[in-house]
Amino acid sequence: MKRFRVGLVADPAAPTEIAKGLTDLQPPKGSDEAWDITVVSEPFTTGSEDVETAVDRLRDHARQRDWDVVVGLTELPLHDQEGRHLLVETDPAHRTSVLSLPALGGLRMHRRARRAVRSLVDALTDPDSDEQEEDQVSLPRKRGHWRVLQGMVLANRPWRLVPGLKSAMVAALATGAVATINSTVWLLAGSLSWWRLVVATFVSIALAVGWFVVDGKLWDKPDDDSPQARERSRLYNASTIVTLTAGVLICYLALYVVNLAWALFVLDPQVLGGYLRTSYGYGDVFVLAWFVASAATVGGGLGSGFDSDEAVRTAAYSKREEERRERLARERDDGRGRARGRGRGRGRGRGRDRDRDRDRDRDRDQEREYSER
């Protein structure tokens, strides 16, 4: 049985979690191979590297760690020279491949990644793979764009954005609690038609999302005027907006449920009807909670910000891209520093050797002089 040393180089966070879940992968049944899989967590950055450079870095990993096969897993979208989204870039001659996780679509990510990595490793361990040319798997232009955007949004995991908005939620709940027992709010809620309530919902969510983008400095700007840079920024910004919208919508629904429970607890429809001199039922209480949720989202969201850097990283690909570049730059600087340190260490070592030789010669001369005497 032939054993292959397989390396998985994955972006930090979610891709690394996925890669660690693939360490038990084995070849298809009936194969005479065995795979020893090792996971390394290291960031990719497509802002400063193209796909070919990323593949070259994977080859360097394979040489340094003596891997037979290496597969990279990145959460960043990859593109070919024609601007189409890439699922996979493969170099069979060097048994190297890089997989873009967002191109898998985001749904059932672990299962799809497992199937894709198994297929890639199986193909790269084929004895005839050395004779094959480099291969790219591209997605259709229109469908591929939406699929990658969906994968990026789900990779952001918008539901995990909610804990990072605790201060905004607390402010919104306080605003809602006060507004629910305000008679002016009762009059406004009763006078609004359903389409005005719908518009108020969309406007409140849009205002909150816009504020979080400005406050967290999440809007990505192209590095240059190239079409690739502009397309990447559009994709990053679209995923940020959709992620924030989903997170704020989750908070909005939670706020509505809490406001409704509070209104049903403290308000009596008959008392409200008598105060407003109109018929008032439980349906009107639901409408009141709806209007209060919209007003509280604006009142609580504006002026509040993210509670942690983790929430910012969750919301925006561009922030995680910046961190990747900074981490790679630090690693390169550390590597140069260690190399200079080793050079200075070798210089100091040679100096110490020369000193020892000089001391040894001096001792021998002194012994010779003593014997002559």
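Positions within a chain are numbered from 1, following the residues in the order the chain's sequence is written. pLDDT decides what is reported in this predicted model: residues at 70 or higher carry local features, side-chain atom pairs at 80 or more are listed and counted, and totals for whole chains, interfaces and linings draw on all residues regardless. Values reported for side chains reflect all heavy atoms of the structure, with hydrogen atoms and water molecules removed beforehand.

Participant: I'm lost on the pairing of strand β1 (residues 2-10) in this one. Help?
Facilitator: Each regular strand carries side chains that alternate between the two faces of the sheet. Inspection of the sheet shows β1 paired to strand β2 (residues 33-41) by nine bridges, in the parallel sense. By the bridge assignment for β2, Val6 is matched with Ile37. After leaving β1, the chain enters helix α1 (residues 14-20) and then returns to the sheet as β2, a path that is right-handed. Any two strands between which DSSP finds at least two bridges are classified as paired. By definition, any uninterrupted DSSP run of H or I lasting at least four residues is a helix, any uninterrupted run of E lasting at least two residues is a strand, and each is numbered from the N terminus. Across five bridges, the pairing between β1 and strand β3 (residues 69-74) is parallel. Call a crossover right-handed when, viewed with both strands pointing away from you, the route from the first strand across the helix to the second goes clockwise.

Participant: Is there a simple way to explain empty space enclosed by the protein in this structure?
Facilitator: The probe, sized like a water molecule, is rolled over the atoms to show the empty space still left. In this analysis the probe radius is 1.4 Å and the grid spacing 1 Å, with only protein atoms considered; a cavity is a set of points the probe fits into but cannot get out of, a pocket is an open set with protein on both sides within 12 Å along at least five of seven lines, and lining residues have an atom within 4 Å of a point. Grid points are joined across faces, edges and corners, and a volume is the space filled by probe spheres set on the points. Per the stated rule, a full pass over the model turns up two cavities of 30 Å³ or more. As a volume, the largest cavity reaches approximately 120 Å³. Lining of the largest cavity is provided by 13 residues; of these, Ala168, Met169, Val248, Cys251 and Thr297 occupy positions nearest its centre. Looking at the lining of the largest cavity, the elements with two or more residues in it are α5 (166-180), α7 (194-216), α8 (227-266) and α10 (282-301). Ranked by residue count, the leading element in the lining of the largest cavity is α8, at four residues. When its volume is computed, the second largest cavity comes out at roughly 30 Å³.

Participant: I'm lost on the pattern of salt bridges in this one. Help?
Facilitator: Here a salt bridge means any side-chain nitrogen of Lys or Arg lying within 4 Å of a carboxyl oxygen belonging to Asp or Glu. The tally for this structure, following the rule as stated, stands at seven salt bridges. Taking the shortest distance from any N to any O, the salt bridge between Asp36 and Arg3 comes out at 2.7 Å. Highlighted residues: Asp36 in strand β2 and Arg3 in strand β1, separated in sequence by 33 residues. In this structure Asp36 comes out as partly exposed when scored by relative accessible area, which is 33%. A relative accessible area of 48% means that Arg3 is categorised as partly exposed. Note on classification: 1.4 Å probe, protein chains only; a residue is buried when its accessible area is under 20% of the maximum for its type, exposed when over 50%, partly exposed between these limits.

Participant: What should I look at first to understand the confidence of the model for the chain in this one?
Facilitator: Note that predicted coordinates carrying low pLDDT should not be read in detail. Each residue carries a pLDDT score, the predictor's confidence in it, ranging from 0 to 100. In this model, the chain carries a mean pLDDT of 78, and residues with pLDDT of at least 70 account for 77%. Scored below 50 in pLDDT, residues 362-373 shows zero contacts in the model against residues more than four places distant or in partner chains. Should any heavy atoms of two residues lie within 4.5 Å, those residues are considered in contact.

Participant: Would you mind showing me how to read the nonpolar core here?
Facilitator: Nonpolar side chains in soluble globular proteins generally cluster together in the buried interior. Ranked by internal contacts, the top residues of the largest apolar core, which has 34 residues, are Val6, Leu8, Val71, Leu73, Leu99, Leu101 and Val117. Only β1, α1, β2, β3, β5 (85-91), α3 (109-124), α4 (141-156) and α8 provide two or more residues apiece to this core. Looking at this core, the element that brings in the most residues is α3, giving seven residues. Non-local contacts of Leu101, meaning those with residues more than four positions away in its chain, are made with Pro15, Ile18, Leu73, Thr74, Met109 and Ala113. Within this scheme, the nonpolar core is defined by two criteria: the residues are buried Ala, Val, Leu, Ile, Met, Phe, Trp, Tyr or Cys, and they are joined through side-chain atoms within 4.5 Å.

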